[in-house]
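# Coordinates in review
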Amino acid sequence: MPEKRTIKRARKDARAGRAATTQAGEFVREEIHHVREGKHGARSTKQAIAIGLSKARRAGVKLGPSPSGKTTKATKGRPSAKRSRAISGALKREGRTAASSKSLSRQARSAARTRGRQSLRKAAAKAVRTKGAAGRKRAAQKAARTRNAA
């Protein structure tokens, strides 16, 4: 069940006329936060994102179906308690690194790569903006090291 404030934020995005993916982003953000705070884990960053998107669809965000076409529950209705418990238990046993900034940036870059060069440049530019001064300094030092080695 998504948190009230997540639904509130998504509704605010909808009122502002933002895209469905922007609204869904709120649910994905919440899911990443859950993994980070240790509520449960995820096998991969892709799985954490998929859980968030699934929650968004259930909350009424008009997103298209998953591209793979495989969804856990095709019909509307309550999921079985036994299955729900089993899924929660399995996720609790998974690792937490799927929500690390390194994993998220790797996922963003690989997703951008499939969308083309321009998208990849945009993802890299956003990474620079969100990295912060210390992160940029570290990246510059690493770049300098690799230049010297070559």
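As a reminder, the structure under discussion sits directly above these lines.
The following paragraphs examine the structure supplied in this document.

Cut-offs applied
Per chain, residues are indexed from 1 in the order of the written sequence. Restriction of local features to residues with pLDDT of at least 70 applies here, the model being predicted, together with a cutoff of 80 or more for giving and counting side-chain atom pairs; totals for whole chains, interfaces and linings are based on all residues. Side-chain measures here rest on the full set of heavy atoms in the structure, leaving out hydrogens and waters. Secondary structure elements are defined from DSSP: runs of H or I of at least 4 residues count as helices, runs of E of at least 2 residues count as strands, and each element is numbered from the N terminus. Each residue gets one of three labels from its accessible area relative to the maximum for its type: buried under 20%, exposed over 50%, partly exposed in between, using a 1.4 Å probe on protein chains only. Contacts are residue-level and defined by heavy atoms, with any inter-residue pair within 4.5 Å sufficient. Axis lines are fitted to C-alpha atoms, over the contacting stretch for helices. Their N-to-C directions set the angle, which ranges from 0 to 180 degrees. Here is the rule for angles: anything less than 35 degrees is roughly parallel, anything more than 145 is roughly antiparallel, 65 through 115 is roughly perpendicular, and the remaining ranges are oblique. Each residue gets one label: Ala, Val, Leu, Ile, Met, Phe, Trp, Tyr, Cys and Pro are nonpolar, Asp, Glu, Lys and Arg are charged, and the others, such as Gly, are polar. For any pair of crossing helices, the crossing counts as left-handed if the nearer helix is rotated counterclockwise from the farther one by less than a right angle, and right-handed if it is rotated clockwise.

For the protein chain, the helix and strand inventory stands at six helices and zero strands. Counting from the amino terminus, the protein chain carries its helices and strands in the arrangement α-α-α-α-α-α. Overall, the protein chain is about 60 × 40 × 30 Å in size when its C-alpha atoms are taken along their principal axes. Buried positions account for 23% of the 150 residues belonging to the protein chain. Of all intrachain contacts in the protein chain linking residues separated by at least 6 positions in sequence, the fraction that spans at least 24 positions is 56%.

Among the secondary structure elements, threonine 22 is positioned in helix α2 (residues 20-37). Judged by its relative accessible area of 35%, threonine 22 is partly exposed. Taking the C-alpha atoms as reference points, threonine 22 and valine 35, 13 residues apart in sequence, are found 20 Å from one another.

This part covers the packing of helix α3 (residues 45-58) against helix α5 (residues 101-115). Two elements in contact, α3 and α5, have axes separated by 9 Å at closest approach and are oriented at 80 degrees. Taken together, α3 and α5 sit at an angle that is classed as roughly perpendicular. Between α3, through Thr45, Lys46 and Ile49, and α5, the contact on the second element is made entirely by Ser103, Leu104 and Gln107. Of the residues belonging to the contact of α3 with α5, the class tally is two nonpolar, three polar and one charged.

A few words now on the packing of helix α1 (residues 4-15) against α2. Interaxial distance between α1 and α2 falls to 8 Å at its minimum, and their mutual angle equals 165 degrees. Here α1 lies roughly antiparallel to α2, going by the angle between them. Every pair of crossing elements has a handedness; the one defined by α1 and α2 is right-handed. Each of Thr6, Ile7, Arg9, Ala10, Asp13 and Ala14 in α1 lies in contact with α2, whose residues at this interface are Thr22, Gln23, Glu26, Phe27 and Glu30. Its residues assigned to classes, the contact of α1 with α2 shows four nonpolar, three polar and four charged.

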